[in-house]
Amino acid sequence: RDILCLGLLMSKNKKNNFLDYGSNILSLSNLDIKINLNSFNIFIYDPFAKKKKKINTPFKILIINDKNHLKKINFNIVNFGSCIQYMEDLKDLESSINFSKVSVIIITHTPITLGKIYFSRQSNHKNLIQYIHNFNFLVKFFKKKNFKLIFKSRNDDKYIACSKKKTKTYSLNLIFRKN
């Protein structure tokens with residue numbers, strides 16, 4: 001959550017539309033204790049939510065379950081908290097997020113390889129497939145959208161839940177900012 005707060009504080013806008021992509025309310029718990037959220041409109045894209053709904057405590061959050069609805073909102077901060085490994089093709093994000101309006105992208109607790117892209121079953125959920133994206137591919141993918149990698153850190157690799165983890169795979173946190 002500290003890295004998420006760091007990314008949120010990088011926005012220079014007076015009012016921010018913040019999307020926590022592929023998440024749920026639990027991931028944002030206690031966020032208001034760390035930073036002032038008055039300048040943020042907070043949205044969660046949760047494809048498993050039963051319906052679109054608003055939550056007002058401890059702060060206002062709109063939970064969206066329809067990916068098509070995301071394109072109608074201009075987000076300036078997007079957090080991919082441990083979720084891009086479930087996307088086989090990151091180009092699919094372009095159909096739901098208007099990256100031209102985004103100024104900060106945060107990726108946390110995500111298995112990323114320095115080697116060849118591969119996939120693996122998740123060790124604690126055998127029905128889930130993880131697509132372990134290449135670090136350089138991610139940097140180039142976001143560079144094409146005018147983002148620059150400004151922060152990277154490594155987590156303890158014990159949190160990588162791949163049943164077949166290959167060498168040169170690390171749990172990383174990345175923050176990109178629009179050039």
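Cut-offs used in this document
Residues numbered from 1 in each chain as written. Predicted model: local features only at pLDDT ≥ 70, side-chain atom pairs only at ≥ 80, totals over all residues. Heavy atoms only, no water. Buried < 20%, exposed > 50% of the residue type's maximum accessible area, 1.4 Å probe, protein only. Helix = DSSP H or I, 4+ residues; strand = E, 2+ residues; numbered from the N terminus. Arc of directions from axis to C-beta. Contact = heavy atoms within 4.5 Å. Polar contact = N/O pair within 3.5 Å; in protein donor to acceptor, adjacent residues only side chain to side chain. Core = buried A, V, L, I, M, F, W, Y, C linked by side-chain atoms within 4.5 Å. 1 Å grid on protein atoms, 1.4 Å probe; cavity = no way out; pocket = protein on both sides within 12 Å on 5 of 7 lines; lining within 4 Å. Points joined across faces, edges and corners; volume = space filled by probe spheres on them. Nonpolar A, V, L, I, M, F, W, Y, C, P; charged D, E, K, R; others polar.

Re helix α4 (residues 135–143)
For α4, the full list of buried residues reads F135, L138, F141 and F142. On an axial view of α4, the arc spanned by its buried residues comes to 125°, and they lie on one face. Away from its buried face by more than 90 degrees, α4 exposes K140 and K143. Structurally, α4 contributes buried residues whose contacts are with β6 (104–113), β8 (125–134), β9 (147–154) and β10 (169–178). Regarding α4, its N-cap is N134, as a side-chain oxygen of that residue lies 2.8 Å from the backbone nitrogen of N136 further along.

Here we look at the nonpolar core
If you look at the biggest cluster of nonpolar residues, it comprises 30 residues, and the most contacted ones within it are L19, Y21, F80, I97, I105 and F142. Sorting the residues of this core by element identifies β1 (16–21), β2 (40–45), β4 (61–64), β5 (77–81), β6, α4 and β10 as the ones contributing at least two each. Broken down by element, this core gets its largest block of residues, 4 residues, from α4. Discounting chain neighbours no more than four positions away, the residues touching Y21 are Y45, K67, L70, V78, N79, F80, C83, M87, L93, S96 and I97. Of all hydrophobic cores here, the second largest spans 22 residues; its members include I3, L31, I35 and F40.

Observations regarding the layout of surface pockets
By volume, the largest pocket is sized at about 1100 Å³. As for the largest pocket, its lining consists of 38 residues, and the residues nearest its centre are G22, G81, S82, C83 and Y86. The set of elements that each furnish at least two residues to the lining of the largest pocket consists of α1 (2–9), β1, β5, β6, β8 and β10. In this structure, the second largest pocket encloses a volume near 170 Å³. Lining the second largest pocket, in full, are F40, N41, I42, F43, K54, N56, K60, I61 and L62. At the level of secondary structure, the elements contributing two or more residues to the lining of the second largest pocket comprise β2 and β4. At 4 residues, β2 tops the list of elements feeding residues into the lining of the second largest pocket. Of the residues in the lining of the second largest pocket, the class split is 5 nonpolar, 2 polar and 2 charged.

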